[in-house]
Amino acid sequence: MSQISLTFPDGNSRDYPAGVTAAEVAESIAPSLAKRAISANLDGRHIDLAWPITESGAIAINTMKDEAPALELIRHDFAHVMARAVQALWPDTKVTIGPVRDHGWFYDFDRAEPFTPEDLGAIEAEMKKIIAARDPVRTEVWDRARAIAHYTAANEPFKLELIDRIPDGQDLRMYWHGDWQDLCRGPHLQNTGQLPADAFKLTHLAGAYWLGDATRPMLQRIYGVAFRNRDDLKAHLTMLEEAAKRDHRKLGREMELFHFQEEAPGMVFWHPNGWTIYRELESYMRRRLIAAGYKEIKTPQVVDRVLWERSGHWEAYRENMFIVEVDEEGAKEKRVNALKPMNCPCHVQVYNHGLKSYRDLPLRLAEFGSCHRYESSGSMHGLMRVRGFVQDDAHIFCTEDQIEAECAKFLQLLSSVYADLGFDIFDIKLSTRPDVRVGADEIWDKAESALEKAILNVRNDFEVDPGEGAFYGPKLDFKLTDAIGREWQCGTFQVDFNLPDRLGAEYVGEDGAKHRPVMLHRAILGSFERFIGILIENYAGKLPLWLAPRQVVVASIVSDADDYVHQVVATLRAAGLRAEADTRNEKINYKVREHSVAKVPVILAIGMKEVENQSVSIRRLDSQGSQTLSLEEAKNTLATEATPPDLR
RNA sequence: GCCGGUUUAGCUCAGCAGGUAGAGCAGCUGAUUUGUAAUCAGAAGGUCACGGGUUCGAUUCCUGUAACCGGCACCA
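Residues numbered from 1 in each chain as written. Chains lettered and ligands numbered in written order. Predicted model: local features only at pLDDT ≥ 70, side-chain atom pairs only at ≥ 80, totals over all residues. Heavy atoms only, no water.

**Student:** Give me the side chain of Glu156: which residues, what numbers.
**Tutor:** In this fold, Glu156 is placed in the loop between helix 5 (144-153) and helix 6 (157-165). Setting aside its immediate chain neighbours within four residues, Glu156 contacts Gln87, Thr93, Lys94, Val95 and Tyr151. (Helix = DSSP H or I, 4+ residues; strand = E, 2+ residues; numbered from the N terminus. Contact = heavy atoms within 4.5 Å.)

Laid out in structure tokens, this is it:
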């Protein structure tokens, strides 16, 4: 038998007979390592301990201490154990796929009866039995015919379809967890007893299309989470509770920011507090855009279908547009309009008015464009996905040569805006030309490299998503990371060679001839509604002072202080602060608690001491104590703090 | 749109093997003048999401619709 040479992480290497398993390699290093071993990495590939190694390479033995491989194995084996438990409880259930995902796994099943939330407990109990049995896990390589014969006999049509999709010549591997078997690429643990029976939980049930395809049957998906130990699971569940507390829908109700109701699903009813945040954010964006050389415009809400036909939207998105039909006087047919689902065609109309010269470019037209899209009922989610929303939209009309500079300027503006709003971390994704596209390859080359160069001016890490660009041009997408690590795609920068052509945009060049401008679609916040939702969740409702809808409550301790309370409120208001008086006949404890729960950032408590000294006792949200300042001092401090970041 | 779930007072939630409902908080009224996260008392508050059916009788059972929640699909 031939020899192979395996190199260890410390740089040493040793020879083994070909076909040696990682378990044997671990044993040869130290029996204690063999006991703790769970899997191995061979040239970066994650393999089973029992897998025969036939070629030389670099090997590392994994134990439960190696977080990434340990979690992958645990979650993957849990998926199998859960599927086994489900088939044990309901033998008529068909199995499909069960990948590792996020903090756990899911497995999709096909069964006539729906699973109920109560079933989850029964499944968990069955899983614990399987773990306690410590059944060995073993694997075999099967040829296609044998696998097909097996799953035909077992009446598992989804598995048969999976086999069909695996390329010819690829090994099919079969895993057994005890007497339950599943087609799987592995790797897996050595026995089910290695699973932490106290560190998993089945979390929820959901429907999911087979292979993610809406035309295929809907399966029943069961989600679970699993960790290496009970403490990690508990920490995860606590984190979920914390995230639920930040839910902008809950905070929106508690802080009286907005509401939704049946008669206008997906449309926001902004209340005074919420609208204050909105206006503050809008004013901020307006100042930033004007300072960055944009001109603000406003275009119609209701636009005849012919414009959407010309732009191409009617054909592609008719189903998602709100249609307004009008009986015009004397007309035989109703006139068909659409509520605008986006602003770009209207912006081209503004551009097209009057002859443009190359000297006018780049022309940056911005609009807080109110748009309506008929989103499917199941996709709406609080402020995050709505049917009526406002974009911080702008279109830059420029020459091809100006793309790079405009992109660089935009990146600068975007990162500065995100930093001002509390988001210092964001990721960039570059989506390049798709198979189906318009425009010559040379122009795509130019646009893609311009975008890439522009990013590299700002930072050196970005993700490339080949083929995911829009049909009209490549694009950049920006994902920011919030306080609890979630990512939100907000900004976008898209190069468009198509729409200027379809809508006949032109400029007169230096050469006196007419040329097509390039159009850059760009947004930083995306939609105000969604971005405010993100802000609320990021700050858990405790917005920075300049964005807080209610900035200061001046609360009396005794009613003899009421006159001075009103004087303090008037002083603060004159300094531009959103201040209100609370002179109700309640204890200061009660007032402090109520305004703290309402997330008012500053409470000024006023008793007779303050009246006498013309001072205030200032109490910040979440701080224990209070501090006494003169009224003048408090006014100046708060006014400075409440200044929007771009005006400081 | 699809699968599953939910819908009871302003909010959070009980309840009903079918006999038209209950709590806490909020709100209202009164007392209390209070020093940094809930003062006490009283009265009041509901077409049990909406429509149809079964029944002597439906908030409860069946059925349809809508909205919402968790996912899936979609997201110009």
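Alright, that's what it looks like, and here's the rest.
**Student:** Which residues make up the protein's contact with RNA strand B, and what values go with them?
**Tutor:** Tyr209, Asn585, Arg593, Glu610 and Ser617 are the nearest of the 54 residues found near RNA strand B. Arg249 has a polar side-chain atom sitting 2.8 Å from a phosphate oxygen of RNA strand B. Arg593 is positioned such that a nitrogen or oxygen atom in its side chain is 2.4 Å from a base nitrogen of RNA strand B. Counting only elements with at least two residues in the surface near RNA strand B, the list comes to strand 14 (200-209), strand 15 (218-226), helix 8 (248-254), helix 11 (313-317), helix 18 (588-597), helix 19 (608-613) and strand 34 (615-620). Here the residues of the surface near RNA strand B sort into 22 nonpolar, 18 polar and 14 charged. (Near = heavy atom within 4 Å. Polar contact = N/O pair within 3.5 Å; in protein donor to acceptor, adjacent residues only side chain to side chain. Nonpolar A, V, L, I, M, F, W, Y, C, P; charged D, E, K, R; others polar.)

**Student:** Help me get a handle on a nonpolar patch on the surface, residues and values and all.
**Tutor:** On the surface, a cluster of nonpolar side chains totalling about 210 Å² of accessible area is made up of Ile557, Val558 and Met608. Positionally, Ile557 belongs in the loop between strand 31 (552-556) and helix 17 (562-574). Judged by relative accessible area, Ile557 falls into the partly exposed class, the value being 39%. (Patch = residues over 30% accessible without salt bridge, like charges linked within 9 Å, V, L, I, M, F, W, Y side chains within 5 Å. Areas by Shrake-Rupley, 256 points an atom, 1.4 Å probe, with all protein chains shown as cover. Salt bridge = Lys/Arg side-chain N within 4 Å of Asp/Glu carboxyl O. Buried < 20%, exposed > 50% of the residue type's maximum accessible area, 1.4 Å probe, protein only.)

**Student:** Just give me the short version of the pattern of salt bridges, but keep the residues and values in it.
**Tutor:** Throughout the structure, instances matching the rule amount to 49 salt bridges. The salt bridge involving Glu309 is made with Arg305; its shortest N-O contact spans 2.8 Å. Here Arg305 and Glu309 lie together in helix 10 (residues 305-311), a separation of four residues that amounts to about one turn. The exposure class assigned to Glu309 is partly exposed, which follows from its relative accessible area of 35%. Shared partners join several salt bridges into a network, and the residues in it are Arg433, Arg437, Asp441, Asp445 and Glu448.

**Student:** Before we move on, can you summarise unusual backbone geometry with the specific residues and values?
**Tutor:** In this chain, Gly186 is followed by Pro187 through a cis amide linkage whose omega measures -5 degrees. Among the structural elements, Pro187 can be located in the loop between strand 13 (180-183) and strand 14. Residue Pro362 is reached from Leu361 by a cis peptide bond, and omega for that bond is -5 degrees. Mapped onto the fold, Pro362 is located in the loop between helix 12 (344-352) and strand 22 (363-372). One non-glycine residue, Asp43, lies in the positive phi region at around 50 degrees. Of the residues examined, Asp43 reaches a relative accessible area of 53% and is grouped as exposed. In this model, Gln614 sits at a positive phi of 55 degrees, which is unusual for a non-glycine residue. Counting through the fold element by element, Gln614 comes out in the loop between helix 19 and strand 34.

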